[in-house]
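Each chain is listed here by its residues.
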Amino acid sequence: MSEELIGEQVVGSNNEKQNNRLEGVESFVLPLQDASMDIWDSKYRLKTAQGDPLDDDINATFKRVAIAISEVEKNKTLQAKWQKKFEWAMRWGAIPAGRIMSNAGAAQHKPATSTINCTVSGIVEDSMQGILDKVQQAGLTLKAGCGIGYEFSTLRPKDAFVNGAGAYTSGPLSFMDIYDKMCFTVSSAGGRRGAQMATFDVSHPDVLDFIKAKREDGRLRQFNLSLLITDEFMQAVKTNADWPLVFPLDEKEQAREQLDLEDTSQVIWKEWPITKDYIVNDAGKVACKVYRTIAAQKLWNVIMTSTYDFAEPGFILIDKVNQMNNNWFCENIRATNPCGEQPLPPHGSCLLGSINLTRFVKQPFTADAQFNWAQFKEVVAVFTRMLDNVVEINGLPLPEQEFEIRNKRRHGMGYLGLGSSITMLGMKYGDEASQLFTEEVTRQLALVGWQQGLALAKEKGPAPSMEEEFELTHSLVSQRPELLTDGFKLGDKIKGKVLHAKYSRYMQQLAEEDPELVLDLAKIGSRFTHHSSIAPTGTISLSVANNASNGIEPSFAHHYARNIIKPGRKTKEKVDVYSYELLAYRAIHGLEGEEEGHQQALPDYFITSDAVSPQQHVDIQAAAQKWIDSSISKTANVPSDYPFEKFKHIYQYAYDKSLKGCTTFRFNPEVFQGVLVQEKDLENTLYKFTLSNDQVVELKGNEMVEYDGETHSAANLYDALKEGYYGKL
């Protein structure tokens, strides 16, 4: 074993195959459990086309990734220096997102893949050419391994007249079916199924169809669905007002219908992502035809009923997203990546990475437990440079995507293991102490990140958009009237770095903590426009982080079945896993060989997601969102018997807490199988299968059954049959 100095630690290089310990980490670290090793091997371990491993162990994966990311430094000395620091950071819990782990340094074997997780399509224009162009672009994006989001409310409603065709359109949902089938067909890189997000304006005439679209078995199963919820709609719900369902009016349609543009029962003027070919007033607003009205509370109840029973659509508070966007002066965001943590402009892209917080807990499960803030901040600093370097090896397939990511250089650093760390520190997830810890760890991540944004700008130059000049328009003044107070005039040209650092609402908040930093950012510019978001981190948490809790979540359970998608299988595979904190507690107390009975002896702060109230879930999200400049992917787990009226309050509470979005999950076995499933739920749920001779067989969800040459849990087989995976491949 050779030794090399990384940071201030002596790190051993061990080439022993299947080494499941991380080298060079002084904190308490457990050997990876079998499920974690299996996921690393199938998802992130580099292999030849014949399936022969090229990464000997996880440390070799880290080294491959560190070499690839450090090679963008300008000389050999810096490359060697930062390779070692990047390896050190990864061993201390800095985990690049899955596309980076899988594809960085793998160009010889996977030349057409990307290191970017998150993209958003260009605007889907309301024409056959526009729709099909975006299908092709999406196919190339998914083939590179990226997830992609789209807004479909730019398409005219069902039965609207199409001028060029002289016929009536089938509506946006029918065109979404095309994107769905394309995604199903395209083999997404790295053995992962394609991931898509569809967003839809709450004022679109087909909004009810969108809400109910996935209730048809097998339909739109390659999509997550989210509604774009506006402040105006929320106010209409509060005041029990009518809600107009509208779509833009073009000149030809107006010539046919002769609507009164001043009559609000016929036409409403509003902001719209496209103005071309539509009727636009001097303020830049688009004339939208009122198709019909619906009571806002009635529509609200339809949305709430769907989320209660089907966990969709999601809930994106789009006005808050745009109000808090650092690029408020040059972007109008209408869509997100598939999991919602990255609201992005047309053709926008963002890379991700998460820090495993459990690495920094010292003396866990004791009265002296503490968080190593100094070490955490050092890792954040190194990881910021590391993620910024990934921009140079993005591998995105479209020139529009390449321009966006290089022009703004946004990345989304977050964390995982928050729930596990809270437990290891002796707190209960959701209580006041845990909320304060969540806010502080996120605040420190933000401060160090933006300090590095300034340092990197001084060393390498700011993001190009920082030096770009933007004309001060009526629209910008309406959003930031203080610009006029500060002496600017309409028509003035203002640098992006000034509009970014001095006038974005997020950076104004940061200035309250570190005013000198923000002043310097306004003078010099930042290396990137966005620094943080919190992703779900499902497979990263389970693999490299040894099943530390996902992202910002508490642990789902301390022993449970996880449903894993594996290449070549049509159903998910059920795998038994244990929470990191349970394994750590058993190891520290000499209980490694003990089984479930010892859970009864766990301290009372050992709670799981089902013991956290929906309000506490929202409180934790709000504590983090204050310092996250993009967004957060979080799910509030709701008990199956949770009252509907109380359920509706969760979303109102999320709005009142200024979140950018909200997602809930209530176990409903008749609808779907989740990724995380507790054994008691499977044991208590019966699934009915009708055989070819019409015989009906009932099986418990956790019973194993042979079908099509494979063994499945009854719950996963039921899900795959219902979703149409058999008979389609």
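The paragraphs below set out a description of the structure included in this document. Small disclaimer: the values here were computed from a predicted structure and weren't measured. (Residues numbered from 1 in each chain as written. Predicted model: local features only at pLDDT ≥ 70, side-chain atom pairs only at ≥ 80, totals over all residues. Heavy atoms only, no water.)

Looking now at the packing of aromatic side chains. Counted under the stated rule, the structure contains 34 aromatic pairs. Both rings, one in F365 and one in Y585, keep their centres 5.2 Å apart while their planes meet at 90°; by these two values the pair is edge-to-face. Taken together, the residues span a long stretch of sequence, with F365 in the loop between β17 (361–362) and β18 (370–371) and Y585 in helix α23 (residues 580–588) at a distance of 220 residues. Each of the two residues, F365 as well as Y585, counts as buried. (Phe/Tyr/Trp six-rings, centres within 6.5 Å; stacked < 30°, edge-to-face > 60°. Helix = DSSP H or I, 4+ residues; strand = E, 2+ residues; numbered from the N terminus. Buried < 20%, exposed > 50% of the residue type's maximum accessible area, 1.4 Å probe, protein only.)

Here we come to the pattern of salt bridges. Opposite charge on two side chains lets them pair, provided their charged atoms get close. Here the structure, examined in full by the defined rule, presents 36 salt bridges. With a closest N to O distance of 3.1 Å, K47 and D41 form a salt bridge. When its relative accessible area of 26% is taken as the criterion, K47 is described as partly exposed. We classify D41 as partly exposed; its relative accessible area is 22%. Measuring nitrogen to oxygen at the nearest pair gives 3.7 Å for the salt bridge that ties K688 to E698. Of this pair, K688 sits in strand β28 (residues 686–690) while E698 sits in strand β29 (residues 696–700), placing them ten residues apart in sequence. (Salt bridge = Lys/Arg side-chain N within 4 Å of Asp/Glu carboxyl O.)

Time to look at helix α2 (residues 58–70). Its 13 residues place the ends of α2 18 Å apart at the C-alpha level, agreeing with the 18 Å of an ideal helix rising 1.5 Å per residue. The element α2 is largely enclosed, with a buried count of ten among its 13 residues. For α2, the full list of buried residues reads I58, N59, T61, F62, R64, V65, A66, A68, I69 and S70. Those residues of α2 that are buried lie in contact with α1 (34–44), α3 (76–91), β3 (94–96), α4 (98–103) and α12 (373–390). The N-terminus of α2 is capped by D57, whose side-chain oxygen sits 3.1 Å from the backbone nitrogen of N59. (Expected span 1.5 Å × (residues − 1). Contact = heavy atoms within 4.5 Å. Polar contact = N/O pair within 3.5 Å; in protein donor to acceptor, adjacent residues only side chain to side chain.)

Every other side chain in a regular strand lies on the same face of the sheet, so the side chains alternate between the two faces. Both β28 and β29 contribute to a ladder of five bridges, which runs antiparallel. Opposite L686, over in β29, you have K700 as the bridge partner. Counting the residues between successive antiparallel strands, the hairpin from β28 to β29 contains five residues, one of them, D694, with a positive phi of roughly 70°. (Pairing = 2+ DSSP bridges.)

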